[in-house]
Amino acid sequence: MWKRNSLLMSLILILLLAAGCSSNGGSNKNNNAGVVSTPASSESEANDATPAAIQDDTGTPEMDFDMGGRTIKWVSWYDESIKEDNPDNIKRKQNLDELMKKHNFKIEYVTVDYAEYSSKVTASLLAGEPIGDIIRMARPWMIPSLVKQELFSPVDEYTKNDKVFIQQYTNDYSQYEGRGYGFRSGINGASSGIFYNRTLMNKLGMKPLQDYVKDDNWNWDSFIQVAKEANKDTDNNGKLDTWGVATANILVQALASNDANLVAGDKQNLEDPKTKETLEFISKLATENIARPTEGGDWTEPGQFFRQGNTLMYAGSDYEMDGFKKDMPDMDIGFLPFPKGPSAVAYHSHLTIPNYMTIPSVIEHPEQLVYIYEKINDIDSIYDYPKQATLETLFNNEDDIDNAKTAGETINRVDGKDGYPNMPYYEMVDEILKGVSVSTVIDKYKEQFQSSIDEVWKK
């Protein structure tokens, strides 16, 4: 779906401008008069308007600086160079070329292997010789340890343009003691949710799962109901041969769906009511034999179960659809948001290791680098929403596309093992899945969780 309303919007804007001029009677006594006559295409003039008139314009005013021909090194674990593979990226590349000419700089994209990335970047920062000017970082690698040592510049005062910058990345994911140290544009991240086998659903004569979403009744209770309905012994041999959900080990997704977390700041959060609700949900899936039991496989086992075609639901992320289409060509695979938890009012995806751009503190003029990033990405996209091209490639069904879009609109960060190396996360989950009561598990692990958190925050 391309944007088709640009002409209509332009005509509306012209009418509004005309009405504004008319109401001012041609006089400049009104503080907004200068803005009404400002051409929409003139960004520099629009940014000079009065605050009241530009309350919806958060773009940074045009800056004039000369970088003296320096080379900006942009470091990541993958190639960040702009691929001119769609109209949006062509415009971004044009913006970059114009910025390099105007501000007299070059850019070099540096790729470091992911397995060595954190150690190499950290060593360079501690030595006072960062390997890049703009460095993609993951939250657990830098917060709190490296930020406490003032090795990064805060950037939140430069990222107000919400047309470009995803505010959650600066104000939440990279936040430390009231300041934001990271910036990012584009998409929030992968949409996580529930893949389901429509072919199996129809074979079992079940109510279409999409109806639960349409009726705003897709929650943990209806999820359990659906899973139970799909647990069937279809050949009457006394054993289940179809299952409703591939595994009960979906704690991270469930935490995100209930606005819950294992860590709050620098404190363990196991006793929080929303966290306890989530642990009880996982316990129920396991102890009441709602989820398909493990056969001793590794972390890939749930996906393997789903590919067998006899398991209705699998918790995963949108990018996995390519694999399902390849491995299950005769099956009709759908996608739903992860069901809402009892303490949530909307659907949420999850994120355990948020990553974003950062600027080392020894790099001069961080505001110029953030400005360049902003102006590269400040475009009028031809897409209706950021992930449109990706989702329309992954999914053929309009409901699936809408569900994935909805699921990705809010992504909750779930802290745990990735940020705290000695956190006994897997041990705790294993006990819950084996039937140990949630209250007993919390009492046993809360101090161990806090100890693992203290190791990180009190270094």
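Structural notes, computed from the coordinates. (Residues numbered from 1 in each chain as written. Predicted model: local features only at pLDDT ≥ 70, side-chain atom pairs only at ≥ 80, totals over all residues. Heavy atoms only, no water.)

Observations regarding the overall build of the chain
What counts, and what does not: Per the convention used, a helix needs a DSSP run of H or I reaching at least four residues, while a strand needs a run of E reaching at least two, with both numbered from the N terminus. Accessibility here uses a 1.4 Å probe with only protein chains present; expressed as a share of the type maximum, an area under 20% marks a residue as buried, one over 50% as exposed, and anything in between as partly exposed. Contact definition: two residues touch when any of their heavy atoms are within 4.5 Å.
Secondary structure assignment for the chain yields 20 helices and 14 strands. Considering the chain as a whole, with its 459 residues, one finds that 49% of them fall into the buried category. Sequence-distant contacts, at least 24 apart, represent 74% of the contacts inside the chain between residues at least 6 apart.

A look at the sheet that holds strand E2 (residues 105-111)
Basically, it comes down to this: By definition, two strands form a pair when at least two bridges between them are found by DSSP. Angles here are taken between N-to-C directions and fall from 0 to 180 degrees, while the axes themselves are lines fitted to C-alpha atoms, restricted in helices to the stretch in contact.
Strand order in the open sheet made by the four strands is E2-E1-E3-E13, with mixed pairing throughout. This sheet does not close on itself; its edge strands, each paired only once, are E2 and strand E13 (355-358). Ignoring strand direction, the axes of neighbouring strands in this sheet form an average angle of 25°. In the sheet, strand E3 (residues 134-138) pairs with E13 via four bridges, with the strands oriented antiparallel. Residue pairing in the sheet places methionine 137 in a bridge with tyrosine 356 of E13. Sitting on the sheet, helix H16 (residues 366-377) touches strand E1 (70-76), E2, E3 and E13, and the angle it makes with E1 is about 70°.

Things to note about the pairing of strand E11 (residues 333-337)
Of all the five residues making up E11, five are buried; the element is thus mostly covered by neighbouring parts of the structure. Residues of E11 alternate between two faces, with Ile333, Phe335 and Pro337 on one and Gly334 and Leu336 on the opposite face, all of them buried. Sheet topology places strand E6 (residues 192-197) next to E11; five bridges connect them, and they run antiparallel. Among the inter-strand pairings, glycine 193 is bridged to a residue of E11, identified as proline 337.

Things to note about helix H20 (residues 438-457)
As a reminder, the rule being used: Expected span of a helix: the number of residues minus one, times 1.5 Å. To obtain the bend at a residue, axes are fitted to the seven residues ending there and to the seven starting there, and the angle between these axes is taken.
Over its 20 residues, H20 runs 27 Å from end to end, which matches the ideal 28 Å to within 8%, given 1.5 Å per residue. Of all the bends found along H20, the most pronounced is centred on tyrosine 445 and spans about 40°. Within H20, the full set of buried residues consists of Val438, Val441, Ile442, Tyr445, Phe449, Gln450, Ser452, Ile453, Val456 and Trp457. Where H20 is buried, its residues meet helix H7 (145-148), strand E4 (175-176), strand E8 (263-264), strand E9 (267-268), helix H13 (273-287) and helix H19 (425-433).

With respect to the sheet that holds strand E10 (residues 311-317)
Here four strands make up an open sheet; going across it, the order is E7-E10-E6-E11 and the pairing mixed. Each edge of the open sheet is held by one strand with a lone partner, namely strand E7 (243-245) and E11. Here the strands of the sheet are splayed against their neighbours by 25° on average, with no regard to which way each runs. Across five bridges, E6 lies against E10 in antiparallel orientation. For glycine 193, the partnering residue across the bridge sits in E10 and is glycine 316.

Details of unusual backbone geometry
With omega at 5°, the peptide bond leading from isoleucine 143 into proline 144 counts as cis. You will see that glutamate 150, though not glycine, has its phi angle at about 60°, which is positive. Within the element layout of this structure, glutamate 150 appears in the loop between H7 and helix H8 (167-173). Judged by its relative accessible area of 63%, glutamate 150 is exposed. A positive phi angle is found at histidine 365, which is not glycine, with a value near 50°. The topology assignment puts histidine 365 in the loop between E13 and H16. A residue is classified by how much of its surface remains accessible, and histidine 365, at 42% relative accessible area, is partly exposed.

Structural notes on the environment of serine 81
Keep this limit in mind: Counting of polar contacts relies on pairs of N or O atoms within 3.5 Å, with two restrictions inside protein: one atom must be capable of donating a hydrogen and the other of accepting it, and residues adjacent in sequence are counted only when both atoms are side-chain atoms.
Along the polypeptide, serine 81 turns up in the loop between E1 and helix H4 (87-103). Put simply, serine 81 and lysine 93 are 12 residues apart on the chain and 9.0 Å apart in space, counted from C-alpha to C-alpha. At 2.9 Å, the side chain of serine 81 forms a polar contact with the side chain of aspartate 79.

A short note on the side chain of asparagine 377
With respect to the helices and strands, the residue asparagine 377 is situated in helix H16. For asparagine 377, a relative accessible area of 13% puts it in the buried group. In terms of polar contacts, asparagine 377 uses its side chain to reach the backbone carbonyl oxygen of tyrosine 373, at 2.8 Å. Not counting residues within four places of it along the chain, the set of residues in contact with asparagine 377 comprises Arg92, Val164 and Ser185.

A few points about the pattern of salt bridges
If the charged atoms of two oppositely charged side chains come close together, the side chains can form a pair. Put simply, the test is: The working definition used for a salt bridge is a side-chain nitrogen of Lys or Arg within 4 Å of a carboxyl oxygen of Asp or Glu.
Evaluation of the coordinates by the stated rule reveals 25 salt bridges. A salt bridge links arginine 179 to aspartate 156, with the shortest nitrogen-to-oxygen separation between them at 2.7 Å. A residue pair is termed long-range when its members are at least 10 positions apart, and arginine 179 in strand E5 (residues 179-180) and aspartate 156 in the loop between H7 and H8 qualify at 23 residues. The buried category is assigned to aspartate 156, whose relative accessible area is 12%. As a salt-bridge pair, arginine 413 and aspartate 172 come within 2.7 Å of each other at their nearest N and O atoms. Here arginine 413, found in strand E14 (residues 411-413), pairs with aspartate 172, found in helix H8; they are 241 residues apart in sequence, far enough to count as distant. On the accessibility criterion, arginine 413 (17% relative accessible area) is buried. What makes aspartate 172 partly exposed here is its relative accessible area of 30%. Here the salt bridges share partners, and the residues they tie into one network are Asp156, Glu157 and Arg179.

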